[in-house]
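The residues making up each chain are set out below.
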Amino acid sequence: MTEVTPFNPREPLGDGRTVIEASAGTGKTFTISALVTRLIAAEGVPLDEILVVTFTRAATAELRARVRRRLVATLRALAGGPADPNDEHLAVLLAGDREPAATRIREALTHFDRAQIFTIHGFAQRLLGQLGLRARLSHELEPGEPDELLLAQTASDLIVGRYAGSGDEEPLKSRHVVEIGRTVVGTPDAHIVPEADEVGEQARARVELAHAMRMAVARRMRAAGLVTYDDGLVEVRDTLADPEVGAAARDLLARRYSVALVDESQDTDPIQWQVIRSVFDESRLVVIGDPKQSIYSFRGADVESYLAALDGADALRTLETNWRSDGPLIDGLDVLFTGATFGDDRIEYHSVRPAPNHQAARIHGAGPPLVIRRFGPDFELPTRQNGFFLVDHARRAVAADVACQIVQLLTSGVEIDHSDGPRPLRPDQIAVLCRTRKQVDMVREELTLREVPSVAARTGGVFASAAAEEWRRFLHGVENPERLTLVRLAANSLLMGYSPQRIAALSDEEALELQRRMQEWRETLVTEGVPALLAAVQRTTGLSRRVLALDDGERTMTDLTHLAEEMHAVWRKRRIGSLVGWLETTMAEAAQRDEANIEEAESRQRRLETDADAVQVQTIHGAKGLQWPVVVVPYLWDVSTRKPPVPVFHGDEGVPRERLIDVGGRGSPGYTDHQKAAAAEDAAEEGRLLYVALTRAEHHLMVWWVENSTNTGISKLNGLITKDGRTPDDLVAAGDGTIAVE
């Protein structure tokens, strides 16, 4: 295997495949923007021949902005402007011939609209266009994902078709087929097991319906002018591998791009990795990622793909400087994490050094940089018969303690260094990172009781919010103006704001007027869409004024508007007969995902409602890539032991190992073992979530450890604290002033 060495910015970027493994805070995005700038300035590679791929639209926008800022800053430095003495990438350019470098950068900035910076799915769509007739799938199909209504309709039709006149065979329940379909459609690279001819009648039905769901959903989407994001990738992969046109297609793309850089590569899946390797494995490919932060398996990401990138790499490098955190906090985390792995021996913790100007603490008055709040068996909480705390009481007690600790931080004179001297800690410099939306709500309630302002950012799906229920009640009246009971229900929604007393007192004429208004709004919805409907409601009822006057009104108004946008995106395609029917189905799906702690797609995650001076409370998934001066992590001890009903797991063969989906159900051969394998992979990802949460802090980190809870013993947090029989006192002693256990 290629030797792993520290990344040296002063060395030129080699040919072949270079893998750069990062750790939290070591500057993946900075490294990419600096490498792009050096390729342009030092090597003369045209901007539009450098492909940069990342994995979300938000990350793509940020990366595009960062690359442009880097080009501008480098151009100024080449002209004699300010230069960071610690920037080794820039030092290389300043030591070379400046005039040609400046000319190349000016050319790149002039034509920056040609920058090839895409999401992996956006890149696939462009490839489909460039491949033209070589690809069988039209690039004009609109990318999207199958919604719950489509899955439910497909499942229902397949069940009817299979079991009509089948005699004694017991039909599968629709919800089980939907669950199977959701999994197999969402993981198109995975092989479905068991084989239908090796199992009994019920398991065979599940297997055959799984294959049928995968094909039928794709067929129905294409009939509606839609295609899943993964369908585009599959088509590109298959075209590039085609024995007749593949070589020409690969050559076309290899000539189009001189070098490719793949950001957040730990979030690739096997199909994405196959596409990337097909095009760039014979040229220059830079793969940058941190496998310790691979936390998006529910979106199809597969850390095995990143690990496969290590095999056969021409260079393996690591980023070793943490530009985020203070030296004392890094020292404390080193004590906690040293020797830890995260689901695979190749995914191990690496010690990093602090940036030159972060060696000392930049916060004062907060105590040790890493504080563990311990709730031991002697803590006064109700217990079960087995002696463990009742978990709901423990969660509530932790939320209350979090709020108290935040009040203490804000009122005890804690200060943070700035360029103009120390300043008091503000609420918006504190983040509370939770595992679930319910935990977020609990913490916010406790903060509100103590008059500490807070905002919820990216905390679960907007379709699981209270605002979705308000829209549901309102739309029932809009779609059924002839039914007075539903019109009254709509009037009682927040969108209209009628109180129960006012509704009860409506005269016949007033009730009739309400029905006429609903009829008008139905016509507005049908002819102009949801935004026009919302505007009409706003004009008639003063919606914004009423909602913003409520407690948490900004949050609610943000959700109502967000829901309107999401509903219109579906409604304008004219694929659904009833908007409220689609909304109810989507709400049910969101509730299931929320219950299973599965994060929603990016477009459906709740948005930040305000930029006010308030404590940020959000999920760990939403915090990836972000940082705050003070981070509070209350619930890493509270892990789930849920066994997935449709287990997705890895087999023992292949590089990367093949991903499998067991749809056979309880009693089919190997199902129990496969559930355990999937649960073990989920537990490994929970460990990586812990790593993400504990590495967001710049100066001060607080973690809660409820020692006396049923599931604490299987948590990664407990394993780290008690590693090799270590006691809390041992941990504190090893921390040498950087760790406190209270």
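Here the structure is a predicted model, which means the values were calculated and not measured. Within each chain, residue numbers correspond to sequence positions counted from 1 in written order. Since the coordinates come from a predicted model, pLDDT governs what is reported: local features require at least 70, and pairs of side-chain atoms require 80 or more to be given and counted, while whole-chain, interface and lining totals use all residues. In computing side-chain values, all of the structure's heavy atoms are included and hydrogens and water are not.

(A) Quick peek at the pattern of salt bridges. Take a side-chain nitrogen of Lys or Arg and a carboxyl oxygen of Asp or Glu: if they are within 4 Å of each other, that pair is a salt bridge. Under the definition given, this model contains 38 salt bridges. Close ionic contact of arginine 373 with glutamate 742 constitutes a salt bridge, the shortest N to O distance being 3.0 Å. One end of the pair, arginine 373, is in strand E14 (residues 370–375); the other, glutamate 742, is in the segment after strand E24 (739–741), with 369 residues separating them in the sequence. Note on exposure labels: buried denotes an accessible area under 20% of the residue type's maximum, exposed denotes more than 50%, and partly exposed covers the range between, all computed with a 1.4 Å probe on protein chains only. A relative accessible area of 44% places glutamate 742 in the partly exposed class. A salt bridge links arginine 555 to aspartate 559, with the shortest nitrogen-to-oxygen separation between them at 2.9 Å. Residue arginine 555 and its partner aspartate 559 are both found in helix H22 (residues 553–571); the two are separated by 4 residues, about one turn of the helix. Here arginine 555 and aspartate 559 have matching classes, each one buried. Through salt bridges with shared partners, a single ionic network connects Arg396, Glu445, Glu446 and Arg450. Helix and strand labels come from DSSP, where a helix needs a run of H or I of at least four residues and a strand needs a run of E of at least two; each type is numbered from the N terminus.

(B) Quick look at the packing of aromatic side chains. Two rings from Phe, Tyr or Trp (for Trp, the six-membered ring) form a pair when their centres sit within 6.5 Å of each other. Planes less than 30 degrees apart are called stacked, planes more than 60 degrees apart edge-to-face, and all others tilted. Overall, the coordinates contain 11 aromatic pairs when judged by the stated rule. Plain terms: the ring middles of phenylalanine 375 and phenylalanine 379 are 4.2 Å apart, the flat faces sit at 15° to each other, and that makes the pair stacked. Under the relative-accessibility criterion, phenylalanine 375 is labelled buried at 4%. We classify phenylalanine 379 as partly exposed; its relative accessible area is 34%. Ring centres of tryptophan 471 and phenylalanine 474 lie 5.9 Å apart, and the angle between their planes is 70°; on these two criteria the pair is classed as edge-to-face. In this pair, tryptophan 471 and phenylalanine 474 are both assigned in helix H16 (residues 466–479), 3 residues apart and thus about one turn of the helix distant. You'll find tryptophan 471 and phenylalanine 474 in the same group, each marked buried. In textbook terms, an aromatic cluster arises when at least three aromatic residues are bridged by ring pairs, as seen for Phe337, Phe342, Tyr349 and Tyr691. Counted as over-ring charges are cases with an Arg CZ or a Lys NZ within 6 Å of the ring centre that also lie within 35 degrees of the ring normal. When the ring centre of tyrosine 257 is taken as reference, the NZ or CZ atom of arginine 256 above it lies at 4.7 Å. For the cation-ring pair, lysine 716 lies above phenylalanine 342, with the distance from its terminal atom to the ring centre recorded as 5.0 Å.

(C) Main features of the sheet that holds strand E21 (residues 648–650). Pairing is mixed across the open sheet formed by 3 strands, whose spatial order is E6-E22-E21. At either end of the open sheet lies a strand with only one pairing partner, and these are strand E6 (191–193) and E21. In this sheet, adjacent strand axes meet at a mean angle of 35° when their direction is disregarded. DSSP bridges decide pairing: two strands pair if at least two such bridges lie between them. Of the strand pairs in this sheet, E6 and strand E22 (residues 659–662) are connected by 3 bridges, and their pairing is parallel. Across the sheet, residue valine 193 finds its bridge partner in E22, namely aspartate 662. Only the stretch in contact is used when a helix axis is fitted, and all axes are lines through C-alpha atoms; the angle between N-to-C directions ranges over 0 to 180 degrees.

(D) Looking closely at the nonpolar core. Phe123, Phe280, Phe337, Leu636, Leu694 and Leu701 are the most contacted members of the largest nonpolar core, which has 72 residues in total. Each residue touching phenylalanine 123, except ones within four places of it in the same chain, is listed here: Leu51, Val53, Phe118, Tyr257 and Phe280. Trp471, Val487, Met518 and Leu543 belong to the second-largest nonpolar core, a separate cluster that totals 42 residues. The set of buried Ala, Val, Leu, Ile, Met, Phe, Trp, Tyr and Cys residues whose side-chain atoms join them within 4.5 Å is what this entry labels a nonpolar core. Any two residues having at least one pair of non-hydrogen atoms within 4.5 Å are treated as being in contact.

(E) Main features of the packing of H16 against helix H19 (residues 508–528). Relative orientation of the contacting elements H16 and H19 amounts to 95°, with a least axis distance of 7 Å. Here H16 is positioned roughly perpendicular relative to H19, judged by the angle of their axes. Contact with H16, carried on its side by Phe474, Gly477, Val478 and Glu479, involves Met518, Trp521, Arg522 and Leu525 of H19 and no other residues of that element. For the contact of H16 with H19, the per-class residue count stands at 5 nonpolar, 1 polar and 2 charged. By definition in this entry, angles of less than 35 degrees are roughly parallel, angles greater than 145 are roughly antiparallel, angles of 65 to 115 are roughly perpendicular, and the rest are oblique. Three categories are distinguished: nonpolar for Ala, Val, Leu, Ile, Met, Phe, Trp, Tyr, Cys and Pro, charged for Asp, Glu, Lys and Arg, and polar for the others, with Gly belonging to the last.

(F) Main features of the environment of arginine 726. Here arginine 726 shows up in the loop between helix H26 (716–721) and helix H27 (728–735). Sequence separation of arginine 726 and valine 632 is 94 residues, and the distance between their C-alpha atoms is 23 Å. When near neighbours in sequence (up to four residues on either side) are disregarded, arginine 726 contacts Val335, Leu336, Leu720, Ile721 and Leu731. Polar contacts involving the side chain of arginine 726 include one to the main-chain carbonyl oxygen of leucine 720, which spans 2.5 Å. Under this definition, polar contacts are N or O atom pairs within 3.5 Å; protein pairs additionally need one hydrogen-donor-capable and one acceptor-capable atom, and for neighbouring residues in sequence, both atoms have to be side-chain atoms.

(G) A look at the packing of helix H1 (residues 28–41) against helix H4 (residues 98–110). Two elements in contact, H1 and H4, have axes separated by 8 Å at closest approach and are oriented at 115°. Residue-level contacts link Thr37, Ile40 and Ala41 of H1 to Ala101, Arg104, Ile105 and Ala108 of H4. Among the residues forming the contact of H1 with H4, the class breakdown is 5 nonpolar, 1 polar and 1 charged.

(H) How the structure looks around the environment of proline 377. Along the chain, proline 377 falls in the loop between E14 and helix H14 (391–411). Considering only alpha carbons, one finds proline 377 and phenylalanine 389, 12 residues apart in sequence, at a separation of 8.2 Å. Every residue in contact with proline 377, bar those within four places of it in the chain, is listed here: Phe389, Glu707 and Asn708.

(I) Representation of empty space enclosed by the protein within the structure. Put simply, the grid is 1 Å and covers the protein atoms alone, a cavity is a trapped set of points that fit a 1.4 Å probe, a pocket is an open set with protein on both sides within 12 Å along at least five of seven lines, and lining residues have an atom within 4 Å of a point. Grid points are joined across faces, edges and corners, and a volume is the space filled by probe spheres set on the points. In the structure shown here, the tally under the stated rule is 2 cavities of 30 Å³ or more. Of the volumes computed, that of the second largest cavity is approximately 110 Å³. If you go around the second largest cavity, the residues you meet are Ser23, Ala24, Asn322, Arg324, Ser325, Ile330, Leu333, Tyr349, His350, Val352, Tyr691 and Thr695. Considering only residue class, the lining of the second largest cavity consists of 6 nonpolar, 5 polar and 1 charged.

(J) Spatial organisation of unusual backbone geometry. The residue after valine 193, namely proline 194, is reached through a cis peptide bond having omega 0°. Take proline 194: it is sitting in the loop between E6 and helix H8 (201–223). Of note, glutamate 264 is a non-glycine position whose phi angle comes to about 50°, a positive value. The exposure class of glutamate 264 is buried, given its relative accessible area of 15%.

(K) Structural context of the sheet that holds E14. Spatially, 7 strands are ordered E18-E19-E17-E20-E23-E14-E24 in an open sheet, and the strand pairing comes out parallel. Two strands bound the open sheet, and with one partner strand each, they are strand E18 (454–457) and E24. With strand direction ignored, the average angle separating the axes of adjacent strands in the sheet is 20°. Of the pairings in the sheet, the one linking E18 to strand E19 (residues 615–619) comprises 4 bridges and is parallel in character. Across the sheet, residue serine 454 finds its bridge partner in E19, namely valine 615. Here helix H13 (residues 327–337) sits on the sheet in contact with E14, strand E23 (697–706) and E24, set at roughly 35° to E23. Packed onto the sheet, helix H25 (residues 671–694) meets strand E17 (430–434), strand E20 (628–633) and E23 and runs at close to 140° relative to E20.

(L) Representation of H4. The first and last C-alpha atoms of H4 sit 18 Å apart over 13 residues, in line with the 18 Å expected at 1.5 Å per residue. Every buried residue of H4 is listed here: Ala101, Ala102, Ile105, Ala108 and Leu109. The buried residues of H4 occupy an angular sector of 120° when projected down its axis, which confines them to one face. In this fold, the buried residues of H4 make contact with H1 and helix H2 (57–78). To estimate the expected span of a helix, subtract one from its residue number and multiply by 1.5 Å. The directions from the helix axis to the C-beta atoms are what the arc is built from.

(M) Molecular detail of the pairing of E23. In terms of burial, E23 is a largely internal element, 10 of the 10 residues being buried. Here E20 runs beside E23; their pairing, made up of 5 bridges, is parallel. Looking at E23, one finds that tryptophan 628 is bridged to alanine 697.

Function cannot be read off these values alone, since they describe shape.
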